[in-house]
Amino acid sequence: LAGAVGVDNEQRLVARARLQTALDGLVARLKNERYSHDSLRAAQKRRDAAREADREAFRAAVLDWRKKDGPLVVERFGRPV
């Protein structure tokens, strides 16, 4: 989610307009890719691929550590832990 908007019931017309503007901006940032089954599956595949890449990097780091082939620098999501 790109942001959050609260609704002030005291100024409901202004709040409704701000909420609609925020939603329009969110849809524009999504480049009109709606939350369909296809886009959900694509997002899940990207997530799964990123998780698998992280697991593989961790496995490789553990193997290097077990071989004592050098300093161990554990990274999670591209950042040292």
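Residues numbered from 1 in each chain as written. Predicted model: local features only at pLDDT ≥ 70, side-chain atom pairs only at ≥ 80, totals over all residues. Heavy atoms only, no water.

1. A word on the overall build of the chain
As a reminder of what qualifies: The helix and strand labels rest on DSSP assignments: H or I over at least four residues marks a helix, E over at least two residues marks a strand, and numbering proceeds from the N terminus. Methods summary: accessible areas were calculated by the Shrake-Rupley approach with a probe of 1.4 Å, and residue burial reflects only the protein chains presented.
For the chain, the helix and strand inventory stands at two helices and two strands. Scanning the chain from its N terminus toward the C terminus, one meets helices and strands in the order α-α-β-β. Surface exposure of the chain reaches about 7,500 Å², of which carbon and sulfur atoms provide 55%.

2. So, the packing of aromatic side chains
Given two aromatic rings, their pairing is described by the distance between the two centres and the angle made by the two planes. We apply this condition: Here the aromatic set is Phe, Tyr and Trp, taking the six-membered ring for Trp, and pairing holds for ring centres within 6.5 Å; pairs whose planes are under 30 degrees apart are stacked, those over 60 apart are edge-to-face, and all others are tilted. Our definition puts a charge over a ring when NZ of Lys or CZ of Arg is within 6 Å of the ring centre and also within 35 degrees of the ring normal.
Across all of its chains, the model carries zero aromatic pairs by this definition. A cation over a ring is seen here: Arg-76 above Phe-58, with NZ or CZ 5.6 Å from the ring centre.

3. Examining the pattern of salt bridges
Two side chains bearing opposite charge may form a pair once their charged atoms approach each other closely. Just so we agree on the cut-off: Here, a salt bridge means any side-chain nitrogen of Lys or Arg that lies within 4 Å of a carboxyl oxygen of Asp or Glu. When a residue's accessible area, from a 1.4 Å probe over protein chains only, is under 20% of the maximum for its type it is buried; when over 50% it is exposed; and in between it is partly exposed.
Using the criterion set out here, one finds six salt bridges in the structure. Linking Glu-52 and Arg-55 is a salt bridge whose minimum nitrogen-to-oxygen distance equals 3.8 Å. One end of the pair, Glu-52, and the other, Arg-55, are both in helix H2 (residues 37–67), three residues apart, so they sit about a helical turn from each other. Overall, Glu-52 belongs to the partly exposed group, its relative accessible area being 38%. Among the salt bridges present, the one from Arg-76 reaches Asp-54, with a minimum N-O distance of 3.5 Å. With Arg-76 in strand E1 (residues 75–76) and Asp-54 in helix H2, the pair connects residues that are 22 residues apart, well separated along the chain.

4. What about H2?
To keep things clear, this is the line we draw: Multiply 1.5 Å by the residue count of a helix minus one, and that product is the helix's expected span. Whether two residues are in contact is decided by their heavy atoms, any of which lying within 4.5 Å being enough.
Its 31 residues place the ends of H2 45 Å apart at the C-alpha level, agreeing with the 45 Å of an ideal helix rising 1.5 Å per residue. Of all the residues in H2, the buried ones are Ser-39, Asp-54 and Ala-61. On its buried face, H2 sits against E1.

5. Overview of helix H1 (residues 12–29)
When the terminal C-alpha atoms of H1 are compared, their 25 Å separation across 18 residues agrees well with the 26 Å that a helix rising 1.5 Å per residue should span. Positive phi shows up at Lys-31, right after H1, with a value of about 55°.

6. So, the side chain of Asp-54
We classify Asp-54 as buried; its relative accessible area is 10%. Asp-54 has contacts with Glu-75, Arg-76 and Phe-77, leaving out every residue within four places of it along the chain.

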